[in-house]
Amino acid sequence: MSAANTAESADFRGPLDITRAATAVLDAESTVIGWSPAAAELLGYGPAEALGRPLSAFLSVHPVGGAPPVEIEAVAGTDASGAPGTTGVPGTTATGIGPPSLVGNEIHVAHARDGRELLVATAMCPLPGGAADRGPGTPDRILVAAEVGELRHWESRLALLQGLATQSPVGLAIYDTDLRLTWCNTAYEREIGQPLAAFRGMRADELYGDGSFVTPGYPQTLDGVMHQVLDTGEPVLDLNFRAQQPSDPGRDHLWSCAYYRLEDAHGHVFGVCEDAFDITDRYRVQERLTLLVEAGRRIGTALDVATTAEEIAEVAVPDFAATVRVDVTRAAVTGETAAVGSPADMSLLRVADRSEPGTATPDPALPDPDPGPGVRGTGPLDSEGSESGPPDAEGAESGPPDESGAASPGDDDRHPYPPVAYPPGSPQHRSLSSGGLVLDEGTLVVPLRAGGGILGLVTFDRGVGPDASGRPPAPDRATTFDNGEVALADELAARAAVCIDNARRYTRERTASLALQRQLLPHHLPPQSAVRTAYRYLPADDVTGVGGDWFDVIPLSGTRVGLVVGDVVGHGLQAAATMGRLRTSVRAFAQLDMPPDELLTRLDDLVGQPAEEPPGANGGAVETYDVTTGATCLYAVYDPVSRRCVMARAGHLPPAIVDPDGGVSFPDLPAGPPLGLGGLPFESMEFELPVGSLLALFTDGLVEARDHDIAHGLDTLGRVLGDRSASLEELCDRAVSELVPGGTSADDTALLLVRTRELDAERVAHWELNAEAVSVGRARELATGQLEAWGLEELVFATQLVVSELVTNAVRYAGGPLGLRLIRDRTLVCEVADTGHTSPHLRHSAEDDEGGRGLFIVAQLVQRWGTRYTPTGKTIWTEQALPPADED
């Protein structure tokens, strides 16, 4: 708004005010004898042209009446001498009483000097004295006129002021320079609870003596803020002021306040205006939302039941409740599955108890504040909310839980939380019995529900009684919970319950994982793009659950996959330890992209090393027979791009191959000696597998038994695997049920079923390049075009650097022809093949080296990289992670 408009808006003189309206002085015969500059400006007639002329030359004789101004303005050719009851406009008749805002003023049609016709509102003021004593030329009355639009605009401004004074929900008050109240509107009177006359002249600090501003960066008192506005002239907006409303004592309110200085027309300061809007309800909603956000940030930071319980207590005290107690079932603390039974009969442990300093609320579960040593002293939180040390995590894992679910003698040391039991009729007992929340005056009990069961209780207490020193609660503290707070407590408990349940599940799963790790059982097989897998493992030792057979599916470079199955002599923990050693070695050798025959050769060398150790190498320990020597293994590599499979075996049974038509065969794979024996080389066999072929890798425990020989077992296995309509899992179940009917056998049993896949042609791109410098740019162009076609523009830059470095090295240090291949799988695979047989090595270049940094840069850009040797040379490969939207 411009300065002119600001001044215009601040002028509250009416359009018919004689100081600004078009004014004419008339004699008794309605002749104009006086003409103001405003009249000359409105109609265009100067005083010389207007004086001495009759008023009818400028205004219609009769008022327009009730015709709307828009209709009048829309009609041309107004007749200044219209008859009574007409508008003065031919064909237009006046009806009605006129616009409500113009009642009391006459509306006439004014004739401007330039021919325009205007609608004006007029008012007539007679001068003192009788008209009979006045002759022509003697002032008799004064006429003021203004355009109708201008009058209506002024009246709308008056209505605005009236609304602010009587109807606005915003409290308005004016204080003088001494900060004494001089005026306020109706909303402000409602806040005070008295009429203006009762508190006019009081200072702001006298009306809200206990209040203060909570917005940082400003004075805290009303007096300070108003003085700042008066001194600087700078308005302040949205200052939050907290105080008790005089008309609503005992409850804190929050207002959003604005202050600005008031000046008169001459710029003299005469006071300050206050605008205040009660935002208490909105602020409480914001507080609850903030508490929920804080709860989401702080609850569940650790997979520990006690820590989660302490976190919900810390979040809720003191902003939401004076005291929070968290009781959790014993099963949730120990990680066990909750026992089936009545929730009211659950065994609860007090894992968190936090109170606002200086408050103490009665606890129906612990009536005696000092029940004796060893009951509460070791708990995580005492009654005053102070924290004690959490239980030792190692101690908590020192032994497995009792299978019966009962507490073992060492439970008090492992979980130092006191047991609690609530009497019948208490809010906690009623909550356990009903499974829902219970509100009892200032106590709110919310169950911790997760997975269809109850994990415990959270008790929120507002502390309606006196505190520990006998003082009553603060007058502004809410003593009960409203509907919104009940919903908030339920949400807090729900979040805590999910975290506690996750912690319980984590404790249980971690215990199981540690047991499996100690027993060296095979890990879960990750999904592969090259194959689909299913497996079964049945140890002969069903007591310890461990054995010497193993299997594995190993992801290799170029989307290939390594398949391995092996058998260690013997059973039990020693065989399992040997199995773990061999399995780890196979994975390590496989990551070097060794062909199957070379991998078995390296593994055979590794197994043969312990036999060469001297007798005293074990430090005098009692020697046992070597279960490593004589182990068997079958290793295969399948490429989903070429559908070629290469495999070799070391004394192991050959696999079963089922073609897509259901034909079963056992390939005559060259048999190598068992590991550790040496003497003969290992040989590989390569063949092509149609898409959907089934490979079955197994140990002799599956097909050999006391009641039948291996040939019978192989025939039975082939018959089971020939059913093409069954899934891999169903085939596994049928094979085990047919060949190992009782679920146990004299030997360990491992079965790995693999269904082959083929990568779609559109996911693989391959080019042949010459070993020349121009091929580097050509390789970049080809790679960029293919990535754009795949929608992987985010990887273009990194791939260009990778391709440039690898192709440049191939051109410089190897020979042609060169091969460039891109594979879009779970990752983006980039391969560069050449005829060289030397592998590049990653090194750190010195500051003065001119080269040697390319491969280091490539290693930083990709997830993995390596070298794979082929009969014609080598292939350097890299893998990059796909953008999240493109990952399979």
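Below is a short write-up of the structure.

What counts, and at which threshold
- Residues numbered from 1 in each chain as written.
- Predicted model: local features only at pLDDT ≥ 70, side-chain atom pairs only at ≥ 80, totals over all residues.
- Heavy atoms only, no water.
- 1 Å grid on protein atoms, 1.4 Å probe; cavity = no way out; pocket = protein on both sides within 12 Å on 5 of 7 lines; lining within 4 Å.
- Points joined across faces, edges and corners; volume = space filled by probe spheres on them.
- Nonpolar A, V, L, I, M, F, W, Y, C, P; charged D, E, K, R; others polar.
- Helix = DSSP H or I, 4+ residues; strand = E, 2+ residues; numbered from the N terminus.
- Buried < 20%, exposed > 50% of the residue type's maximum accessible area, 1.4 Å probe, protein only.
- Pairing = 2+ DSSP bridges.
- Contact = heavy atoms within 4.5 Å.
- Axes fitted to C-alpha atoms, helices over the stretch in contact; angles between N-to-C directions.
- Phe/Tyr/Trp six-rings, centres within 6.5 Å; stacked < 30°, edge-to-face > 60°.
- Core = buried A, V, L, I, M, F, W, Y, C linked by side-chain atoms within 4.5 Å.
- Parallel < 35°, antiparallel > 145°, perpendicular 65-115°, else oblique.
- Left-handed = near helix turned anticlockwise from the far one by under 90°.

Enumeration over the complete set of coordinates arrives at five cavities of 30 Å³ or more. In this model, the largest cavity occupies a volume close to 110 Å³. Tallied by class, the residues present in the lining of the largest cavity amount to 14 nonpolar, one polar and no charged. By volume, the second largest cavity is sized at about 70 Å³. Lining of the second largest cavity is provided by Tyr188, Glu191, Tyr208, Leu222, Phe241, Trp255, Cys257, Glu274 and Ala276. Only α6 (186–192), β10 (252–263) and β11 (269–278) provide two or more residues apiece to the lining of the second largest cavity. Its residues assigned to classes, the lining of the second largest cavity shows seven nonpolar, no polar and two charged.

The subject of this paragraph is the pairing of strand β6 (residues 171–175). The buried count for β6 comes to four of five residues, which makes it a mostly enclosed element. Sheet analysis places β6 next to β11, joined by five bridges and oriented antiparallel. By the bridge assignment for β11, Gly171 is matched with Ala276. Where β6 lies against strand β7 (residues 181–184), three bridges are found, and the strand directions are antiparallel. Residue pairing for β7: Tyr175 is matched across the bridge by Leu181. Where β6 folds back onto β7 in an antiparallel hairpin, the turn is made up of five residues, including Leu179, whose phi is positive at roughly 60°.

On to the sheet that holds strand β12 (residues 323–329), then. Taking strand neighbours across the sheet as the criterion, the six strands line up as β14-β13-β12-β17-β16-β15 in an open arrangement whose pairing is antiparallel. Looking at which strands have only one partner, the edges of the open sheet turn out to be β14 (419–420) and β15 (438–440). Along the sheet face, helix α11 (residues 305–316) touches β12, β13 (348–355) and β17 (453–461) and points at about 30° away from the line of β13.

With that settled, consider the packing of aromatic side chains. In total, this model carries eleven aromatic pairs according to the counting rule given. A centroid spacing of 6.3 Å and a plane angle of 40° characterise the contact between Tyr188 and Phe199, whose relative ring orientation is tilted. Pair noted here: Tyr188 is in helix α6 and Phe199 is in helix α7 (residues 196–199), with a separation of eleven residues, a long-range link. Both residues of the pair, Tyr188 and Phe199, belong to the buried class. Measuring from ring centre to ring centre gives 5.6 Å for Phe320 and Phe481, while their planes differ by 45°; the resulting arrangement is tilted. With a gap of 161 residues between them, Phe320 in the loop between α11 and β12 and Phe481 in the loop between β17 and α16 (483–519) connect regions that are remote in the sequence. Just as Phe320 is buried, Phe481 falls in that class too. Through a chain of ring-to-ring contacts, the aromatic side chains of Tyr208, Phe213, Phe241, Trp255 and Tyr259 assemble into a single cluster.

Within the largest apolar cluster, 41 residues are counted, with the highest numbers of intra-cluster contacts made by Phe320, Val324, Val326, Val328, Val351, Leu448 and Phe460. Where this core is concerned, the elements lending two or more residues are α10 (280–298), α11, β12, α12 (330–334), β13, β16 (443–450), β17 and α16.

The next subject is the packing of helix α22 (residues 774–790) against helix α23 (residues 796–813). Orientation of α22 relative to α23, taken along the N-to-C sense of each, is 150°, at an axis distance of 9 Å. With respect to α23, the axis of α22 lies roughly antiparallel. When you trace α22 past α23, the crossing you get is right-handed. Here Ser775, Val776, Ala779, Arg780, Ala783, Thr784 and Leu787 of α22 lie close against α23, whose contacting residues are Val796, Thr799, Gln800, Val803, Ser804, Val807 and Thr808. The residue makeup of the contact of α22 with α23, split by class, is seven nonpolar, six polar and one charged.

This part is about the packing of α10 against α11. Following both chains from N to C, one finds α10 and α11 inclined at 155°, their axes separated by 10 Å at the closest point. Here α10 lies roughly antiparallel to α11, going by the angle between them. Seen from above, α10 lies across α11 with right-handed handedness. Every residue of α11 that contacts α10 at Leu291, Glu294, Ala295 and Arg298 is listed here: Glu311, Glu314 and Val315. Class assignment of the residues belonging to the contact of α10 with α11 gives a composition of three nonpolar, no polar and four charged.

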